Amino acid sequence: MTATAPAAEATVRKSSPGAARGPRRRTGRLRRAGLPYLLLLPALLLELLVHLVPMVIGIVMSFKELTQFYIRDWSTAPWAGLDNYTVSVDFDAPVGKALLHSFLVTVAFTVLSVGLCWLIGTAAAVFMQDTFRGRGLLRALFLVPYALPVYAAVITWVFMFQHDNGLVNHVLHDQLGLIGKPSFWLIGDNSFVALLTVSVWKGWPFAFLIVMAGLQNIPRELYEAAALDGAGMVQQLRRITLPSLRPVNQALVLVLFLWTFNDFNTPYVLFGKSAPEAADLISVHIYQASFVTWNFGTGSAMSVLLLLFLLVVTGVHLALTSRGRRTAQ
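Scoring rules and cut-offs
Residues numbered from 1 in each chain as written. Predicted model: local features only at pLDDT ≥ 70, side-chain atom pairs only at ≥ 80, totals over all residues. Heavy atoms only, no water. Phe/Tyr/Trp six-rings, centres within 6.5 Å; stacked < 30°, edge-to-face > 60°. Helix = DSSP H or I, 4+ residues; strand = E, 2+ residues; numbered from the N terminus. Polar contact = N/O pair within 3.5 Å; in protein donor to acceptor, adjacent residues only side chain to side chain. Axes fitted to C-alpha atoms, helices over the stretch in contact; angles between N-to-C directions. Parallel < 35°, antiparallel > 145°, perpendicular 65-115°, else oblique. Left-handed = near helix turned anticlockwise from the far one by under 90°. Contact = heavy atoms within 4.5 Å. Nonpolar A, V, L, I, M, F, W, Y, C, P; charged D, E, K, R; others polar. Buried < 20%, exposed > 50% of the residue type's maximum accessible area, 1.4 Å probe, protein only. Core = buried A, V, L, I, M, F, W, Y, C linked by side-chain atoms within 4.5 Å.

## Some thoughts on the packing of aromatic side chains
Okay, so step 1: Applying the stated rule across the entire model yields 20 aromatic pairs.
Okay, so step 2: Ring centres 5.4 Å apart and planes at 90 degrees place the aromatic pair F142 and F208 in the edge-to-face group. With F142 in helix α4 (residues 135–142) and F208 in helix α8 (residues 190–215), this pair connects stretches of sequence that are 66 residues apart.
Okay, so step 3: Measuring from ring centre to ring centre gives 5.5 Å for F264 and Y287, while their planes differ by 55 degrees; the resulting arrangement is tilted.

## So, the side chain of T266
Okay, so step 1: Tracing the backbone through its elements, the reader meets T266 in helix α12 (residues 265–271).
Okay, so step 2: Among the polar contacts listed, one links the side chain of T266 to the side chain of D263, at a separation of 2.8 Å.

## Examining the packing of α8 against helix α11 (residues 246–261)
Okay, so step 1: Viewed as axis vectors pointing N to C, α8 and α11 meet at an angle of 160 degrees, and their least axial separation amounts to 10 Å. Between α8 and α11, the crossing angle belongs to the class labelled roughly antiparallel. Of the two possible hands of crossing, α8 and α11 adopt the one that is right-handed. Within the contact between the two elements, α8 uses S199, G203, F206, A207, I210, V211 and G214 and α11 uses V248, N249, L252, V255, L256, W259 and T260.
Okay, so step 2: Looking at the contact of α8 with α11 residue by residue, the class counts come to nine nonpolar, five polar and no charged.

## What about helix α13 (residues 282–292)?
Okay, so step 1: Counting buried positions along α13 yields nine of eleven residues, so the element is predominantly enclosed.
Okay, so step 2: The set of residues buried in α13 consists of I282, S283, V284, H285, I286, Y287, Q288, A289 and S290.
Okay, so step 3: W294 sits one or two residues past α13 and shows a positive phi near 60 degrees.

## Points about the nonpolar core
Okay, so step 1: Within the largest apolar cluster, 42 residues are counted, with the highest numbers of intra-cluster contacts made by F161, L195, F208, L215, L256, L270 and F271.
Okay, so step 2: At the level of elements, α3 (94–127), α6 (150–160), α8, α9 (220–228), α11 and α12 are the ones that each hand at least two residues to this core.
Okay, so step 3: Aside from chain neighbours lying at most four places away, what touches L215 is A125, V126, Q129, Y223, T241 and L245.
Okay, so step 4: Within the second largest apolar cluster, nine residues are counted, among which are L99, I286, A289 and M302.

Here it is as C-alpha cells:
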C-alpha cells in the first residue's frame with residue numbers, strides 16, 4: 001500500500017498539466033470564435049444609431065398628429081392612430097391624389113433610369129472586353145460621373161440646362177438645330193427628361209463597373225469554342241454573355257432600383273425644394289409634405305408606406321430569383 005501511494009501521486013502530478021491545459025484550450029477557442037463578432041460590434045452599434053433608431057422613431061411619429069406646434073417636443077403630440085395613413089391612401093382627396101401621382105412618376109422614372117443604366121453599362125462593359133490602345137484611359141473616363149460628388153455633378157447640369165446660356169440649348173438649338181427654340185429644361189414637362197438624363201449619366205458607370213467585373217468570371221474558352229462553331233457576336237451575347245451574367249444582373253437591377261426609387265439628392269439639387277409636377281419624385285414629395293407643410297405625421301406615414309412598398313418589391317424579387325435558380329439546377 002505504501003509503495004503504490006507515491007506512484008499514484010506521481011501519476012496525478014503528471015496528468016494535472018494536461019487537465020489544466022484543457023480549459024485553457026477551450027477558452028482560447030471561445031476567444032477566437034468570438035473575436036469576429038467583437039470586431040463587428042462597433043459597426044452594428046453605429047448601424048443601430050444611424051438607421052434603426054431613426055426608423056423606429058419615424059414609425060412612431062407616423063401614428064401621431066405631429067405638426068409645427070409640437071416640433072419642440074414631438075413626444076407630446078396627440079395620437080392620431082391610422083388617420084395619417086388613411087389620408088395618404090385616400091386617392092380621391094388632394095393629399096392622396098398628389099401622392100399617387102408622385103408614386104406613378106417615380107415608377108416611370110425608375111423603370112426608365114434603371115433600364116437605360118443597365119443597357120448602357122452592359123454595352124460599354126462588353127465593348128471594353130476587347131484589347132485596344134487607350135482602353136485603360138477610357139475605363140477611367142467612364143467612371144468619372146460615378147466618382148464625382150453628387151452636388152458637384154448635378155449643379156453642373158443645372159448650369160448646362162439654363163434656358164438662355166446653357167450648353168444643352170446651345171448645342172441642340174444653335175449648333176444642331178434639333179429644336180425650334182430654346183427649351184426650359186428645369187420647369188414643365190421637360191423637367192422629367194432633364195431628371196432622367198442626369199440620373200442615367202450619373203448611374204450607368206456603376207452598372208458598367210459591376211457588369212465588367214462579372215465578365216471577368218466568364219472563361220474565354222467559351223467564346224473561342226463558339227467562334228469555331230460559327231457563332232457571331234450577337235449569338236455569343238445571347239447564348240454565353242447574358243446567361244452567365246444572370247446572377248450579377250439580378251443583384252444589379254435590384255440595387256439600382258432601390259437607389260433610384262429612393263433618390264433624393266439628384267432632384268433636390270436639380271430643382272430645389274419644389275420640384276415640377278412632371279418630375280415630382282416621391283422622395284421630394286415626402287420632404288415637401290414634412291418640411292414645407294410642417295405635417296410630420298403625414299410625412300412619416302408616407303415614408304412608412306414607401307418602406308413597405310420597397311420591402312414587398314425586394315421580397316418578390318428575391319423569391320423570383322431564388323425560384324429561377326432552383327429551376328435552373
